[in-house]
Amino acid sequence: MTVHTIEVPEDNAVFGHTTSAFASFGYSAAVRAHGLLFIAGTIGRRADGTIPDTIEEQTEIAIRKIEEILRLENLDLSALVDITSYHVDIRQHLPGFIEAKQRLVKAPYPTWTIIGVSGLASPGLLVEIRATAAYPDGASR
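Residues numbered from 1 in each chain as written. Predicted model: local features only at pLDDT ≥ 70, side-chain atom pairs only at ≥ 80, totals over all residues. Heavy atoms only, no water.

Looking at an unreviewed UniProt entry, the protein chain carries the name RidA family protein, with the source organism given as Streptomyces rhizosphaericus. Within the UniProt record for the protein chain, the comment given under Sequence similarities (unreviewed entry) is "Belongs to the RutC family." (UniProt positions renumbered as here; feature names shortened; annotations may be inferred.)

This is how it looks when you write it as structure tokens:
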């Protein structure tokens, strides 16, 4: 089995200072295996490390980070096949999350599992999104 780790360059404009989390916490941004790209949970922390107050902005940033990882692999959001999102205070924030998600993720839609949680890694974080994408059939990956 061939497994390839996807690394986000330290000077990446979308991730900014947050790329240090990969080494600090000992995980990869994404891993390619068996024609699939497994993307680690992404959060709505800005490139400068600050956390926005709104679920809409946090959702957009998290999805933009997923989009950037896909771009590094010559894919786009249409390659997503499965997503799981974790939400703090889900009842309050779900409408804003859905609004932001619908602006960015278009049909054909991936599967999506939404889970309510009591908290995430840093105070103020409202959502974390992990995703799986598929490479096109016949792609040499």
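Draft legend 1. Quick look at the packing of helix H2 (residues 55-72) against helix H3 (residues 90-104). Running from amino to carboxyl end, H2 crosses H3 at an angle of 40°, the nearest separation of the two axes being 8 Å. Here H3 runs oblique to H2, going by the angle between their axes. Pair H2 / H3 crosses with right-handed handedness. Listed contacts from H3 to Ile-55, Glu-56, Thr-59, Glu-60, Ile-63 and Arg-64 of H2 are His-93, Gly-96, Phe-97, Glu-99, Ala-100, Lys-101, Arg-103 and Leu-104. When the residues that make up the contact of H2 with H3 are grouped by side-chain class, the tally is five nonpolar, three polar and six charged. (Axes fitted to C-alpha atoms, helices over the stretch in contact; angles between N-to-C directions. Helix = DSSP H or I, 4+ residues; strand = E, 2+ residues; numbered from the N terminus. Parallel < 35°, antiparallel > 145°, perpendicular 65-115°, else oblique. Left-handed = near helix turned anticlockwise from the far one by under 90°. Contact = heavy atoms within 4.5 Å. Nonpolar A, V, L, I, M, F, W, Y, C, P; charged D, E, K, R; others polar.)

Draft legend 2. Highlighting the sheet that holds strand E2 (residues 30-33). Pairing is mixed in the open sheet, where six strands are placed in the order E1-E2-E3-E6-E4-E5. Lying at the two open borders of the sheet, with one neighbouring strand each, are strand E1 (3-6) and strand E5 (111-117). Shown here is a sheet whose adjacent strand axes are inclined to one another by a mean of 15°, direction ignored. For E2 and strand E3 (residues 36-43), the ladder comprises four bridges, and the chain directions are antiparallel. Note on E3: the bridge partner recorded for Arg-32 is Leu-37. With respect to the sheet, H2 is in contact with E2, E3, strand E4 (80-88) and strand E6 (127-134), its orientation differing from that of E3 by roughly 150°. (Pairing = 2+ DSSP bridges.)

Draft legend 3. Looking closely at unusual backbone geometry. Following Ala-107, the chain continues to Pro-108 via a peptide bond in cis, the omega torsion being 5°. Structurally, the position occupied by Pro-108 is in the loop between H3 and E5. Positive phi values are uncommon outside glycine, yet Asn-74 reaches one of about 60°. The exposure class of Asn-74 is exposed, given its relative accessible area of 65%. (Buried < 20%, exposed > 50% of the residue type's maximum accessible area, 1.4 Å probe, protein only.)

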